[in-house]
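Remarks on the overall topology
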Amino acid sequence: MTVKFIDEAGNELAPQVIKGSDYKKGADYDVSGDAKVIEGYYLKETPVNAKGTIGSDNVTVMFVYAKLGNIVPVDPSGAPIPGADTPTYSNDPEEPGKVVPNQPVPVVPGYTPQVPSVTPDKPGEDTPVVYVPVTPEKDKQAARIIYRDTTTGTVIDSVDVYGDPDSLIDYSTADKIKELTNKGYVLVEDGFPAGATFDNDDNTVQTYHVTFKHGEAPVGPNDPHEPGTPINPNDPNGPKWPAKDEYTKQYTSTVQFVDKDGNKLRDDDVQTSTWTRTLIVDSVTGKVKNPDQAWTSDKGKYDDVTAPVIEGYYADKSRVTGKTTVQEDLVEKITYTPLGKITPQDPNGDPIPNAPTPGYNNDPKDPTKGAITPVPEIPGYTPRVPNVNPEDPGKDTPVVYEKNEDPKKPDISNERDQNAKVIFRDVTTDTDLATEKFTGKSGSKITYSTADKIKELLAKGYVLVNDGFPSDATFDNDNDVDQTYYVTFKHGEAPVGPNDPHKPGTPINPNDPNGPKWPAKDEYTKQYTSTVHFVDKDGNKLRDDDVQTSTWTRTLIVDTVTGKVKNPDAAWTSDKANYNDVKVPVIEGYYADKANVLGPKATQENIETNVVYNKIGKIVPVDPEGNPIPGAPTPQYKNDPNDPTKVVVTDTPDVLGYTTGTISVEPDMPGEDTPVVYTKVAEPEKTPESVKPDTPAPTVVTPETKPQQQPAAELPQTGDADTNNMAAIGVAMVAGLLGLMAFTSKRKKDENEI
């Protein structure tokens with residue numbers, strides 16, 4: 001079954017959900033409750049097949065969503081107010097088809113809303129809200145202080161104040177800044193200067209911007225917070241810390257020890273893994289900014305569980321290999337079956353009446369096997385073998401017993417030699433390693449020691465199970481059956497891995513240099529990487545890669561006799577469950593296609609991710625017809641120092657001989673240029689004095705050059721007074737030009753403050 005979440009055009013809005021094993025053919029299903037809350041959208045249509053019965057074909061259920069409406073500020077005539085924020089309705093966090101009631105209307109500088117909030121009846125339709133312009137006081141100058149949220153690009157509040165020209169603006173931003181920082185905002189810049197005064201321009205409103213961004217706060221294993229308590233202590237009715245299970249969860253791996261009917265034979269072995277992640281919470285809204293943040297476990301895998309020896313039973317496995325931790329509860333069973341028994345019988349194969357039938361001994365080191373078990377004593381009978389080493393621990397073993405001779409029968413045991421042998425047996429492969437044979441008279445000592453052979457086999461990686469040849473063994477008096485003694489061995493096992501390192505290619509058994517060798521290191525240790533490249537759109541590197549390494553290991557169990565790996569499918573474990581998130585750096589003059597690279601899950605492959613940077617756009621001065629102004633500077637936007645995907649407000653450049661009413665731009669598209677219209681500065685009107693003929697130009701004196709004297713014949717002889725008057729006129733012209741420049745500069749400054 002596939003569950004999809006799409007818009008009206010069929011575009012997927014959230015990852016689809018595959019329910020492969022949740023439902024079987026013929027089973028009823030109901031996924032109507034699977035609809036998600038998707039920000040900016042509401043559930044428009046629940047599919048008719050959200051409930052039904054599973055058939056032969058795969059079922060695809062598609063939840064259809066549409067965009068939420070907006071609050072639209074309009075003037076009293078019903079026309080939208082230019083530049084006003086039009087916020088989208090907020091989703092109801094519990095109902096994907098609804099929005100929350102009483103949604104606050106936005107702040108529009110210079111206007112007052114007729115209602116403070118709206119409750120949309122239809123989540124897909126816009127709601128117009130009428131705003132009334134604020135009327136300034138007569139003969140007063142206006143100044144406006146706008147508190148702007150740069151995170152959402154909206155106005156938080158706007159304050160209009162009025163006063164006489166050139167008088168001090170009696171206003172302080174301190175209280176409002178404190179109020180907003182208490183609500184989780186972070187002050188970016190207080191653009192209202194101390195000592196600001198009203199201007200004397202009736203046609204403009206002095207505007208000052210106080211900018212904020214949303215604060216961010218971590219919550220997780222290293223940053224715990226009481227769920228449901230205020231994120232901002234000074235804002236008790238504001239956003240609350242999320243539930244603990246959003247960043248801490250526990251899962252278990254349980255091994256059960258049961259008989260074939262499922263009855264518990266001993267307590268379960270339960271291991272717990274704790275999964276955590278650190279969430280970044282928007283301290284203004286309380287929303288989690290990284291809801292897809294990867295989880296990390298406190299362990300990469302669960303420990304192996306060795307099957308315990310339970311008397312009278314053998315297990316179907318000697319251990320449960322610890323599985324890689326996952327976010328689900330794991331259950332595995334070790335099933336025990338009763339051990340077989342020894343069944344005495346006569347040479348004809350008939351059971352001996354009333355003979356004991358003891359069960360096999362448990363192998364104390366291997367719960368999946370039975371151990372060598374002595375045959376029972378039966379009065380009047382002699383067994384052909386002294387003990388049984390069961391090959392199949394659940395299968396009975398018949399043992400032949402001979403009836404003893406009549407004690408009155410003449411003893412003829414000394415009439416010929418008796419035969420005996422010692423068999424060295426490999427119980428792992430059920431083969432004989434060597435056989436030693438002996439001949440002697442009944443009752444005489446068998447002169448032999450197993451010590452040298454045992455030492456030889458131990459050096460080759462075998463492990464002694466039982467030396468069944470007694471030191472005081474003597475020849476018997478049975479002419480029909482050879483005495484047989486078993487010295488049993490099994491193959492040794494040795495670990496090799498991160499906690500048990502061995503040099504590859506060297507002997508596993510030091511005293512057997514020509515024997516099996518330790519395996520290559522890459523059979524139990526490997527490394528993989530996660531690499532983030534920082535490149536331009538053509539793939540050129542802009543800075544060094546961020547490379548993280550995961551080391552994967554496993555412990556192999558090696559057969560010390562053959563050198564073969566006994567668990568070639570042993571699971572690999574990484575030293576990390578996830579790679580760390582990579583914060584994308586700010587590169588001057590470029591903007592990135594993402595702000596963060598979430599740490600991917602560590603896997604046994606090399607992972608590569610590209611962060612692509614594009615050049616930042618620029619401000620392009622243009623004339624009123626839209627033509628670029630020749631020679632005008634075209635500065636790039638400024639990088640946002642806190643977000644590599646964005647740019648910040650950038651001042652427009654000064655263009656000689658031109659002026660503009662746009663003091664700065666705040667681009668929505670960081671890669672696109674912004675044309676800004678400039679108009680030529682009007683030349684000052686000429687006065688009679690400024691056009692008086694033959695007025696000598698003022699003389700500029702430098703330390704190196706003396707002023708040049710004009711020939712007397714070229715000037716009218718008007719006397720010193722006239723000469724001084726003419727000089728004064730020249731100075732006045734210079735002062736006039738300087739005054740015009742200062743006026744233009746001041747006007748530019750005032751416009752920049754709006």
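As a reminder, the structure under discussion sits directly above these lines.
Residues numbered from 1 in each chain as written. Predicted model: local features only at pLDDT ≥ 70, side-chain atom pairs only at ≥ 80, totals over all residues. Heavy atoms only, no water.

Before going further, it helps to examine the pairing of strand S33 (residues 431-440). If a strand is regular, its side chains alternate between the two faces of the sheet. As paired strands, strand S32 (residues 418-426) and S33 are joined by nine bridges and run antiparallel to one another. Within the sheet, the bridge partner assigned to Asp 426 lies in S33 and is Thr 431. The antiparallel pairing of S32 with S33 creates a hairpin that spans four residues between the two strands, and Asp 430 there sits at a positive phi of about 55 degrees. (Pairing = 2+ DSSP bridges. Helix = DSSP H or I, 4+ residues; strand = E, 2+ residues; numbered from the N terminus.)

Moving on: helix H2 (residues 451-459). Since one α-helical turn is 3.6 residues long, residues separated by three or four positions face the same way. Looking only at H2, the buried set comprises Lys 453, Ile 454 and Leu 457. Considered in projection along H2, the buried side chains sweep an arc of 100 degrees and stay on one side of the axis. Of the residues in H2, the exposed ones pointing more than 90 degrees away from the buried face are Asp 452 and Lys 455. Packed against the buried residues of H2 are S32, S33, strand S34 (462-467) and strand S35 (483-491). (Buried < 20%, exposed > 50% of the residue type's maximum accessible area, 1.4 Å probe, protein only. Arc of directions from axis to C-beta. Contact = heavy atoms within 4.5 Å.)

One pass over the structure, following the stated rule, counts nine aromatic pairs. Measuring from ring centre to ring centre gives 5.8 Å for Tyr 448 and Phe 469, while their planes differ by 75 degrees; the resulting arrangement is edge-to-face. Taken together, the positions of Tyr 448 in the loop between S33 and H2 and Phe 469 in the loop between S34 and S35 put the pair 21 residues apart, joining distant regions of the chain. Under the relative-accessibility criterion, Tyr 448 is labelled partly exposed at 21%. (Phe/Tyr/Trp six-rings, centres within 6.5 Å; stacked < 30°, edge-to-face > 60°.)

Mapped onto the elements of the fold, Glu 226 is located in the loop between strand S16 (216-219) and strand S17 (248-259). Along the backbone, Glu 226 and Lys 240 are 14 residues apart, and their C-alpha atoms lie at a distance of 9.2 Å.

Time to look at the side chain of Thr 211. Residue position: Thr 211 is located in strand S15 (residues 206-214). Once residues lying within four places of it in the same chain are set aside, the contact partners of Thr 211 are Arg 148, Thr 150, Val 186, Leu 187, Val 188 and Glu 189.

Before going further, it helps to examine helix H1 (residues 174-182). Along H1, the residues that are buried comprise Lys 176, Ile 177 and Leu 180. Burial along H1 is one-sided: seen end-on, the buried residues are contained in an arc of 100 degrees. In H1, those exposed residues whose orientation departs by more than 90 degrees from the buried face are Asp 175 and Lys 178. For H1, the secondary structure elements touched by its buried residues are strand S12 (141-149), strand S13 (154-163), strand S14 (185-190) and S15. Positioned one or two residues after H1, Gly 184 has a phi angle of 100 degrees, which is positive.

It is worth stressing that arrangement in space is one thing and function is another; only the former is reported here.
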